[in-house]
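Each chain, written out:
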Amino acid sequence: MKFSHVVPPLIALCVAIVWLTNLRRSTDAVAQENAVMRERLTSSRSSSLSQNNRTDAGRNTTRPKRERKTLANGDNPSGDWVATSRDWTRLVLSNNDELATRYRYTAAWKRLETLASEMNGDELTRAYTEMATLPVHAPFRNELELVMLKELEKKNPEFAFSQYIARNQDGGVVLGGYGSFDNWLARDPAAATNWYERQLTAGTFDKTLDGNSPARVPFESAFIMSLIDADPTAAEQIMNNFPPDLRGRFGDYVDVIPKEKRQPLVDLLRKTMPTEEYMALLRETSVFEYNFRIEYDSDPENAKKSLEKFAVTPEERTALLAEQFSEFAEYRAMRASGGGDPRREEFDKNRKWIQEVDPSSADRATGMALQAFVKGANSPESYDFVEKAANDYLGSGAADELLVPLIEGSASGSSTFPKDRARELAAKISDVALRNELLQKLD
């Protein structure tokens, strides 16, 4: 066979091989591109599904439940546990970790208050006794014990009032004081009286400050108020047995006085105490409807009606109003000592109020107030203040009586008002005999 005959078929074969090779390469490339595309599509669908899942999850309002804290795992008790628990000790200890400003505002504190009201006398007495062994902060302990004692006054009064006395053995009065013995006395007079007499026999009250037994005051005050209209003679005997330095504390325990007992009380005090003392005491009670408090914001007409209702004598009126004005002056002296303004306009306002209530008492009450101010402030500035005020009031028509307390305080040494200034004031007194008497005291 000639070479010319072989060449064309060889060429055709080579061309076919090259074409087939290119075709395979193209097919592989397409396959690879398809695989990449499928992978991208798969990835895209997965991403879209994940996004949808997140969106659906965000719309789902059902949240997984948290693990509930229980006593078993050592955490603080849960709110559900606190709301129903009767475990007094556990509640106390869990609330003891709260800040001093927060322990009264917790669920545990509210539960303790409720539980105290639900417990019977034996349960509450036992819980109170066990409190002494618990490591509890003092403010929390003191207030919680008071909550318990208020309930025990009704459920186990003998224990409650014995604890009140024990809490106040040092002569001071802690939070809660001595409770409400008058309520027990009214509810069960035989039981209350028998308990009190046993305390006297046992010498319980003799353990208090200086042997004067100030702890007896609230209890005997309750007896006085229970007898004051039914057996005034017995009430008077109890009052007469009060040591003089303790009688003034009687008013601390008879603040709110029923209307039917007000006149008998005024009559009793008139018989048993000096005028200045009982008028000062009555001023802090409801006898005069609180028309004679330091604020001076009551209607003068109401104050006059109170004085008329109890037939308050001129001497008593002066003592009452002088005590009120002096208390205000002591307060202003305290403020002035701290760098405050004595506020002359306030003195003028109070003097005017007293003039409207009882003109005859105004000068004496004002003089007592000026004396109280200079005694409390005790400074050259206070001397200037009272001297100018005294001269101004004297110039506007005040009587000699306004100057007397200030001068006598200087003469006796009860205040540090300079004697040379006191002599200048004494020289202005119009009553010659009184003027000479005061000047002689100043020598």
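Everything numeric here is computed off the predicted structure, so don't read it as measured data.

Asks: How do you make sense of the overall build of the protein when you look at a structure like this?
Replies: In terms of regular secondary structure, the protein is built from 22 helices and zero strands. Out of the 443 residues belonging to the protein, those deemed buried represent 39%. Here the protein displays about 24900 Å² of accessible surface, and carbon together with sulfur accounts for 52% of that area.

Asks: I'm lost on unusual backbone geometry in this one. Help?
Replies: Excluding glycine, residues mostly have negative phi values, and the peptide bonds linking residues are mostly trans. The phi dihedral of Glu289 falls on the positive side, at around 55 degrees, and the residue is not glycine. With respect to the helices, strands and loops of the structure, Glu289 is situated in the loop between helix 14 (275–283) and helix 15 (300–309). Take Glu289: its relative accessible area is 41%, and that puts it in the partly exposed class.

Asks: How should I be thinking about the packing of aromatic side chains in this particular structure?
Replies: Each aromatic ring pair is summarised here by two numbers: the centre-to-centre distance and the angle between the ring planes. Evaluated as defined, the whole model comprises 31 aromatic pairs. Where Tyr383 meets Phe417, the ring centres are 6.0 Å apart and the plane angle is 85 degrees; that geometry is what we call edge-to-face. Here Tyr383, found in helix 19 (residues 380–395), pairs with Phe417, found in the loop between helix 20 (404–412) and helix 21 (419–426); they are 34 residues apart in sequence, far enough to count as distant. Neither Tyr383 nor Phe417 differs from the other in exposure class; each is buried. Members of the aromatic cluster, each reached through a chain of ring pairs, are Phe161, Tyr164, Tyr178, Phe181, Trp184, Trp195, Tyr196, Phe205, Phe219 and Phe223. The ring of Tyr103 carries the charged tip of Arg104 above its face, separated from the ring centre by 5.2 Å. The positively charged end of Arg351 is found above the aromatic ring belonging to Tyr393, 4.9 Å away from the centroid.

Asks: Is there a simple way to explain helix 15 in this structure?
Replies: Turn by turn, an α-helix covers 3.6 residues, leaving residues three or four places apart pointing in a common direction. Those residues of helix 15 that fall on the buried side of the exposure criterion are Pro300, Ala303, Ser306 and Leu307. Buried residues of helix 15, viewed axially, fall in a sector of 115 degrees; they line one side. Facing away from the buried surface of helix 15 by more than 90 degrees, the exposed residues are Lys305, Glu308 and Lys309. Looking at the buried side of helix 15, the elements it contacts are helix 16 (314–337) and helix 17 (344–357). The opening residue of helix 15, the one whose side-chain oxygen lies 2.9 Å from the backbone nitrogen of Glu301, is Asp299. Remark: Ala311 follows helix 15 within two positions and exhibits a positive phi of approximately 50 degrees.

Asks: Please explain the packing of helix 5 (residues 121–131) against helix 6 (residues 138–155) as it appears in this structure.
Replies: Helix-helix packing is described using two parameters, namely the angle between the two axes and the distance between the axes. Viewed as axis vectors pointing N to C, helix 5 and helix 6 meet at an angle of 155 degrees, and their least axial separation amounts to 10 Å. Between helix 5 and helix 6, the interaxial angle falls into the category roughly antiparallel. Seen from above, helix 5 lies across helix 6 with left-handed handedness. Of the residues in helix 6, those in contact with Gly121, Leu124, Thr125, Ala127, Tyr128 and Met131 of helix 5 are Arg141, Leu144, Glu145, Met148, Leu149, Glu151, Leu152 and Lys155. When the residues that make up the contact of helix 5 with helix 6 are grouped by side-chain class, the tally is eight nonpolar, two polar and four charged.

Asks: What am I meant to see in the nonpolar core here?
Replies: A general feature of soluble globular proteins is that nonpolar side chains tend to end up buried together. Counting 109 residues, the largest nonpolar core has Trp88, Phe181 and Phe250 as the members making the most contacts within it. If we ignore the near neighbours within four places in the chain, the residues touching Phe250 are Val217, Ser221, Ile224, Met225, Met239, Phe242, Leu265, Leu269 and Leu281.

Asks: Looking at this model, I keep getting lost on the pattern of salt bridges. Mind explaining?
Replies: Opposite charge on two side chains permits them to pair, given that their charged atoms come into close proximity. Under the counting rule described, the total for this entry stands at 27 salt bridges. Here Asp384 ties to Arg421 by a salt bridge, and the two come within 2.8 Å at their closest N and O atoms. Linking Asp384 in helix 19 with Arg421 in helix 21, this pair joins segments that are 37 residues apart in sequence. Classification of Asp384 by relative accessible area gives partly exposed; the value is 43%. Two residues, Arg421 and Glu387, come together in a salt bridge whose shortest N-O distance is 3.0 Å. In this pair, Arg421 is assigned in helix 21 and Glu387 in helix 19, connecting sequence segments 34 residues apart. Taking the relative accessible area as the measure of exposure, Glu387 reaches 15% and is therefore buried. Bridged by salt links that share partners, the residues Arg283, Glu284, Arg293, Glu323 and Glu327 form one connected network.

Asks: Got a minute to help me understand the packing of helix 3 (residues 88–95) against helix 6 in this structure?
Replies: Interaxial distance between helix 3 and helix 6 falls to 11 Å at its minimum, and their mutual angle equals 145 degrees. The chirality of how helix 3 crosses helix 6 is right-handed. Residues Trp88, Val92 and Asn95 of helix 3 pack against Phe140, Leu144 and Met148 of helix 6. Here the contact of helix 3 with helix 6 is composed, by residue class, of five nonpolar, one polar and no charged.

Asks: For this particular structure, what's the right way to read helix 16?
Replies: For helix 16, with 24 residues, the first-to-last C-alpha span of 34 Å sits near the 34 Å given by 1.5 Å per residue. Looking one or two places after helix 16, you find Gly339, whose phi comes out positive at around 95 degrees.

Asks: Honestly, the side chain of Glu220 in this entry has me stumped. Any pointers?
Replies: With respect to the element layout, Glu220 can be found in helix 10 (residues 216–227). Only 2.8 Å separates the side chain of Glu220 from the side chain of Tyr196, close enough to count as a polar contact. When sequence neighbours within four positions are dropped, the list of residues in contact with Glu220 reads Tyr196, Ile238 and Phe242.

Thresholds applied
Every chain is numbered independently, its residues counted from 1 as its sequence is written. Where local features are concerned, this predicted model is filtered to residues with pLDDT of at least 70; where side-chain atom pairs are given and counted, the filter is 80 or more; whole-chain, interface and lining totals use all residues. Hydrogen atoms and water are omitted, and side-chain values are computed over all heavy atoms in the structure. Only runs of H or I of at least four residues qualify as helices and only runs of E of at least two qualify as strands under DSSP, and these elements are numbered from the N terminus. Only protein chains enter the calculation, and the probe is 1.4 Å; a residue is then buried if its accessible area is under 20% of its type maximum, exposed if over 50%, and partly exposed in between. Note on areas: Shrake-Rupley with a 1.4 Å probe; residue coverage comes only from the protein chains shown. Between rings of Phe, Tyr and Trp, where Trp is taken as its six-membered ring, a pair exists when centres lie within 6.5 Å; planes separated by under 30 degrees are stacked, by over 60 edge-to-face, and by other angles tilted. A ring is scored as having a charge over it whenever the NZ atom of a lysine or the CZ atom of an arginine sits within 6 Å of its centre and within 35 degrees of its normal. Directions are taken from the helix axis to each C-beta atom, and the arc is the one they span. For this analysis, residues touch if any pair of their heavy atoms sits within 4.5 Å. Pairs of N or O atoms within 3.5 Å make up the polar contacts considered here, provided that, within protein, one atom can donate a hydrogen while the other can accept it, and that residues adjacent in sequence are counted only when both atoms are side-chain atoms. Structural elements are reduced to axes, namely lines fitted to C-alpha atoms, with helices fitted over the stretch in contact, and the angle between N-to-C directions of any two is expressed from 0 to 180 degrees. The cut-offs work like this: below 35 degrees is roughly parallel, past 145 is roughly antiparallel, 65 to 115 is roughly perpendicular, and the gaps in between are oblique. For any helix crossing, the convention is left-handed if the near helix is rotated counterclockwise from the far helix by under a right angle, and right-handed if that rotation is clockwise. Residues are grouped as follows: nonpolar covers Ala, Val, Leu, Ile, Met, Phe, Trp, Tyr, Cys and Pro; charged covers Asp, Glu, Lys and Arg; every other residue, Gly included, is treated as polar. Joining through side-chain atoms within 4.5 Å is the link that ties buried Ala, Val, Leu, Ile, Met, Phe, Trp, Tyr and Cys residues into a set, and such a set is a nonpolar core. Salt bridge criterion: a side-chain nitrogen from Lys or Arg within 4 Å of a carboxyl oxygen from Asp or Glu. Any helix carries an expected span of 1.5 Å times its number of residues minus one.

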